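# Inside the fold
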Amino acid sequence: MTTQTLIRTSGVLAVAGGMLIAIDKVLPDSFVVSTLGLCAALFGLWLLTAIFLLQRSEAGLLGDIGYALNSAGLALMVGVSFVFNYAFPHMDEVARSATFSGTSGAMLQGSYVIYTVGVIVFGAAIIKARRFPAGAAILYIVGFAGGFVRFVLSLPQTVDTIASVVAAAGIIWLGAALWSQGSRARAAQT
């Protein structure tokens, strides 16, 4: 796969992932909807990698740290999402409560912190590098950090839904920008 193909494919997956995030948060919870949300997270790994590759010289160390934290945090959140969507429905209340205490509870909270810090640092690197729209990076940061604030402060589910739709808009915008950059690079080669 050429770099341009990776970039364009990542752009398409990011747009699809952004739409899947919005669907996951707006539609009633079901096996299918949860699976779409999990796919969105997996597509996000492609988005992060493509952006990192395109802006690594401009973003510098901030981009390196942001990419490492954001991709590690997103991978952890895939695991968390899997547990919440596929294991929890088959557990009784005592087992679910036990998951939030002790080591497993600390790991769940730590995963969320790593992911959120990664989103903020990588979003800042996107803004610093000036290769992608700053507005898209701001939506990305505000949306996912808003979800974290909702989690920490135990705010209503509506706050998480709004934050997720904001983040989804940022991801769609970043995906469209990726597609555009990949298409321009391909056209320049021909």
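Everything in this summary refers to the structure shown in the same document. Every value quoted in this text rests on a predicted model; they were computed, and no experiment measured them.

We now examine the overall build of the protein chain. Of regular secondary structure, the protein chain possesses 6 helices and 0 strands. Going from N to C terminus, the protein chain has its helices and strands arranged as α-α-α-α-α-α. For a compact globule of 190 residues, the expected C-alpha radius of gyration is about 16 Å, and the protein chain comes in at 17 Å, within 12% of that figure. In terms of overall dimensions, the protein chain has a C-alpha envelope of 60 × 35 × 30 Å along the principal axes. With 190 residues in all, the protein chain has 41% of them scored as buried. Long-range pairs, those at least 24 residues apart, make up 75% of the contacts in the protein chain with a sequence separation of at least 6. If you average the places of the 10 positive and of the 7 negative side-chain charges in the protein chain, the two averages end up 17 Å apart.

The subject of this paragraph is the nonpolar core. Most often, soluble globular proteins keep nonpolar side chains buried together rather than apart. Core analysis: the largest hydrophobic core is formed by 36 residues, its most contacted members being I51, F132, F144, L174 and L178. At the level of secondary structure, the elements contributing two or more residues to this core comprise α1 (3–26), α2 (31–87), α4 (102–129), α5 (134–153) and α6 (157–189). Tallying contributions element by element places α2 first for this core, with 14 residues.

So, on to unusual backbone geometry. Within the chain, R130 stands out as a residue other than glycine whose phi angle is a positive 60°. With respect to the element layout, R130 can be found in the loop between α4 and α5. For R130, a relative accessible area of 74% translates into the label exposed. Backbone geometry places S154, a non-glycine residue, at a positive phi of 50°.

As a further point, take the packing of aromatic side chains. Counted by the stated rule, this structure contains 9 aromatic pairs. Relative to Y67, the ring of F52 has its centre 4.4 Å away and its plane inclined at 15°; by these criteria the two rings are stacked. Ring geometry for Y115 and F144: centres 5.5 Å apart, planes at 75°, overall edge-to-face. With Y115 in helix α4 and F144 in helix α5, this residue pair connects regions lying 29 residues apart in the sequence.

What counts and what doesn't
Residues numbered from 1 in each chain as written. Predicted model: local features only at pLDDT ≥ 70, side-chain atom pairs only at ≥ 80, totals over all residues. Heavy atoms only, no water. Helix = DSSP H or I, 4+ residues; strand = E, 2+ residues; numbered from the N terminus. Rg over C-alpha atoms; globule rule 2.2 N^0.38 Å. Buried < 20%, exposed > 50% of the residue type's maximum accessible area, 1.4 Å probe, protein only. Contact = heavy atoms within 4.5 Å. Lys, Arg positive; Asp, Glu negative; His and termini not counted. Charge placed at Lys NZ, Arg CZ, Asp CG, Glu CD. Core = buried A, V, L, I, M, F, W, Y, C linked by side-chain atoms within 4.5 Å. Phe/Tyr/Trp six-rings, centres within 6.5 Å; stacked < 30°, edge-to-face > 60°.

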